[in-house]
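Structural features, examined
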Amino acid sequence: MAQKIKLSTIAETLGISTATVSLALRDSPLVAVNTREKIKDQARALGYIYNRRAASLRTSRSGIIGVVVHDIMNPFYGEILKAIESELDRSRHTFILSNHYDSVEKQRTFIETLLQLGGDGVIMSPAIGTPPEDFELAEENGMPAILVARQIEALDLPTFRGDDSYGISLATNHLISLGHRSIAMIGGTDQTSTGRDRYQGYVNALRKAAIEVDPNLRIPGARSKQGGFEAAVHFLSLPQKPTAAVCWNDLVAIGLMNGISRAGLVPGRDISVTGYDDLEEAAIATPALTTVWNGQAEVGRLAARALLDRLAGSHEPDGIHLIKPEMRIRQSTAPYKAR
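Residues numbered from 1 in each chain as written. Predicted model: local features only at pLDDT ≥ 70, side-chain atom pairs only at ≥ 80, totals over all residues. Heavy atoms only, no water.

**With respect to the nonpolar core**
Within soluble globular proteins, side chains that are nonpolar generally end up buried alongside one another. Ile 183, Ile 186, Tyr 202, Phe 235, Leu 256 and Val 273 are the most contacted members of the largest nonpolar core, which has 38 residues in total. Within the residue set of this core, elements represented by two or more residues are α8 (164-177), β6 (183-186), α9 (193-208), α10 (225-237), β8 (244-247) and α11 (250-262). Tallying contributions element by element places α11 first for this core, with six residues. Not counting chain neighbours up to four residues away, the residues in contact with Tyr 202 comprise Ile 168, Thr 172, Ile 183, Ala 184, Met 185 and Leu 217. Of all hydrophobic cores here, the second largest spans 24 residues; its members include Phe 160, Val 299, Leu 311 and Ile 323. (Core = buried A, V, L, I, M, F, W, Y, C linked by side-chain atoms within 4.5 Å. Buried < 20%, exposed > 50% of the residue type's maximum accessible area, 1.4 Å probe, protein only. Helix = DSSP H or I, 4+ residues; strand = E, 2+ residues; numbered from the N terminus. Contact = heavy atoms within 4.5 Å.)

**Quick notes on the sheet that holds strand β4 (residues 145-148)**
Overall, parallel pairing links the six strands, which are arranged β2-β1-β3-β4-β5-β11 in an open sheet. Edge positions in the sheet fall to β2 (94-99) and β11 (320-323), since each of these pairs with one other strand and no more. Each strand axis lies, on average, 20° off the axis of its neighbour in the sheet, ignoring direction. In this sheet, β11 lies alongside strand β5 (residues 159-162) in parallel orientation, the contact comprising four bridges. Residue pairing in the sheet places Arg 161 in a bridge with Leu 322 of β11. (Pairing = 2+ DSSP bridges. Axes fitted to C-alpha atoms, helices over the stretch in contact; angles between N-to-C directions.)

**Some remarks on the packing of helix α1 (residues 7-14) against helix α3 (residues 33-46)**
Helix packing geometry: the angle between the two helix axes and the distance between the axes. Look at α1 against α3: their axes get within 10 Å of each other, and the N-to-C directions meet at 120°. Remark: the crossing between α1 and α3 carries right-handed chirality. Only Lys 38, Ile 39, Gln 42, Ala 43 and Leu 46 of α3 make contact with α1, whose side of the interface consists of Thr 9, Ile 10, Thr 13 and Leu 14. Tallied by class, residues from the contact of α1 with α3 come to five nonpolar, three polar and one charged. (Left-handed = near helix turned anticlockwise from the far one by under 90°. Nonpolar A, V, L, I, M, F, W, Y, C, P; charged D, E, K, R; others polar.)

**Some details on the environment of Ser 332**
Secondary-structure assignment places Ser 332 in the segment after β12 (326-328). In this structure the C-alpha to C-alpha distance between Ser 332 and Ile 271, which are 61 residues apart in sequence, comes to 8.2 Å. Once residues within four sequence positions are removed from consideration, Ser 332 is found in contact with Met 257, Gly 268, Ile 271, Ser 272, Val 273, Pro 287, Ala 288, Leu 289 and Thr 290. A polar atom in the side chain of Ser 332 sits 2.6 Å from the backbone oxygen of Val 273. (Polar contact = N/O pair within 3.5 Å; in protein donor to acceptor, adjacent residues only side chain to side chain.)

**Here's the deal with the domain arrangement of the protein**
One can read the domain layout of the protein as domain 1 (5-49), domain 2 (62-160 + 294-323) and domain 3 (162-292). Between the C-alpha centres of domain 1 and domain 3 there is a distance of 52 Å. (Domains from an automatic or database assignment.)

**Here we look at the side chain of Ser 182**
Tracing the backbone shows Ser 182 in the loop between α8 and β6. Among all residues touching Ser 182, those that are not within four sequence positions of it are Leu 217, Gln 240, Lys 241, Pro 242, Thr 243 and Ala 244.

**A short note on α11**
Between its first and last C-alpha atoms α11 spans 18 Å; for 13 residues at 1.5 Å apiece the expected length is 18 Å, and the two agree. Within α11, 10 of the 13 residues are buried, which leaves the element mostly enclosed by the surrounding structure. Of the positions making up α11, those classed as buried are Asp 250, Leu 251, Val 252, Ala 253, Ile 254, Gly 255, Leu 256, Met 257, Gly 259 and Ile 260. Positive backbone phi, approximately 90°, marks Gly 264, located one or two places after α11. (Expected span 1.5 Å × (residues − 1).)

This is the structure:
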């Protein structure tokens, strides 16, 4: 176990004194920068985590929970965080927040810092490419981890998220029910479980309706308003002339509608658009956005509750816990009209 690694073990492998190792792990200027980095690399390789708290305090609870997400600027994560904070407040816990922006190294640094501070646990929406070893490091050092929004297939940690495949199929089926047959999917990436599941839901709905899946109607990448706005140029230039679009999230959908409007067309009349997440902004967009409620507040609440239960000695079943999405039909979709 990583917590059993001693300073002397690191010192012996490098042929230096235990005192030098101790100073280096405390970033002492008495140790040269190159030597410090060499010692830290060896400590990480051995699974050692330097704890800045006294050993007698390590067995107690700090009341600190780490929360790390992709981008707090995305209101989707803001709603999850609000629910997490509300649930933690009930138990007088606080959280330290980090954005990893899909940088595995930034995420790893946060986990190590949290361990050094004696954090009680961590709730994470993991960065793209996160290795299982990063979670194992936290677990082995007595810091349980709960996942939200995204999952890591190689791990069986408790994971809370919306049923993305089902949710996107709801949006796609809604457009099909309105008579649309040329339906594009805008945004997302296959590098995340969320992206793969949402695209699969789109594909499944088309196939069930006996509509050919045209890979040219998929425009990946966008995850923001700006991305959706920029995707509008590609979308409107497609030779297949799609009459509707299923978007990765509400931000992409709103950006796409702005781009469609800039081109002189009317979203909800000339082209139907659906979003995903049912953010607060969706209902007041112009036109009001048809979207899918994804239960992000429930995701945050359940994830925080699961972590607190683990800290109290009970064990939330491992594996994926899905929130069932619901359709929110507004003004951005309309029956198909031949052009």
